[in-house]
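So you can see what is in the structure, the chains are spelled out below.
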Amino acid sequence: MDYKKSGDPRKGKNSPRHQEHNAKGSDKNPYGGRETKADLLARMKAAAEKAKKAD
């Protein structure tokens, strides 16, 4: 096979194929948005209460 005539390989575009629903900097995941431990515990307790009521 003559590889000289096949041409150069195509370069990548270095961009994602799609947008993630929770990408950094979006509304769901803003930059620098670290939760405090109290916020995390409150969210976990609310989820536990919701699960308890569902049963």
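One can find the structure itself at the top, above this paragraph.
Worth saying up front: this structure is predicted, and the values here are computed from it rather than measured.

Chemist: How do you make sense of the overall build of the chain when you look at a structure like this?
Modeler: Within the chain one finds 1 helix and 0 strands. Computed over C-alpha atoms, the radius of gyration of the chain comes to 24 Å, more than 25% over the 10 Å expected from 2.2 N^0.38 for 55 residues, which places it beyond the range of a compact globule. For the chain, with 55 residues in total, the buried portion stands at 0%. Total accessible area computed for the chain in this model is approximately 6,300 Å², and 52% of it derives from carbon and sulfur atoms. Each charge sign in the chain was given a centre, from 15 positive and 8 negative side chains, and these centres are 3 Å apart.

Chemist: Got a minute to help me understand a nonpolar patch on the surface in this structure?
Modeler: Taken together, the side chains of Leu 40, Leu 41 and Met 44 define a hydrophobic patch exposed on the protein surface, amounting to about 250 Å² of accessible area. By secondary structure assignment, the location of Leu 40 is in helix α1 (residues 37–54).

Chemist: Sorry, what's going on with the environment of Ser 26 here?
Modeler: Mapped onto the secondary structure, Ser 26 falls in the segment before α1. On the basis of relative accessibility, which here comes to 23%, the residue Ser 26 falls in the partly exposed class. Polar contacts involving the side chain of Ser 26 include one to the main-chain carbonyl oxygen of Ala 23, which spans 2.7 Å.

Chemist: What exactly am I supposed to notice about the environment of Lys 50 here?
Modeler: By the element assignment, Lys 50 lies in helix α1. Linking Lys 50 and His 18, residues 32 residues apart in sequence, is a C-alpha distance of 34 Å.

Analysis parameters
Along each chain, the written sequence defines residue order, and numbers are assigned to residues from 1. Confidence filtering applies because this is a predicted model: local features only for residues at pLDDT of at least 70, side-chain atom pairs given and counted only at 80 or more, and all residues used for totals across whole chains, interfaces and linings. To get the side-chain values, take all heavy atoms of the structure and skip hydrogens and water. Here a strand is any run of E in DSSP of at least two residues, a helix any run of H or I of at least four, and the numbering for each starts at the N terminus. It is over C-alpha atoms that the radius of gyration is taken, and the globule rule equals 2.2 Å times the number of residues to the power 0.38. Only protein chains enter the accessibility calculation, which uses a 1.4 Å probe. A residue is then buried if its area is under 20% of the maximum for its type, exposed if over 50%, and partly exposed in between. All accessible-area figures derive from a Shrake-Rupley calculation using a 1.4 Å probe, and residue coverage is judged against the displayed protein chains alone. In this tally Asp and Glu are treated as negative and Lys and Arg as positive; neither His nor the chain ends contributes. One atom stands in for each charge, and that atom is NZ of Lys, CZ of Arg, CG of Asp or CD of Glu. Each patch groups residues whose relative accessible area exceeds 30% and which form no salt bridge, using 9 Å between like charges and 5 Å between nonpolar side chains of Val, Leu, Ile, Met, Phe, Trp and Tyr. The salt bridge definition used is simple: a Lys or Arg side-chain nitrogen within 4 Å of an Asp or Glu carboxyl oxygen. Counted as a polar contact is a pair of N or O atoms within 3.5 Å, where, for protein atoms, one must be capable of donating a hydrogen and the other of accepting one, and residues adjacent in sequence contribute only when both atoms are in side chains.

Shape is all these values report; function is a separate question.
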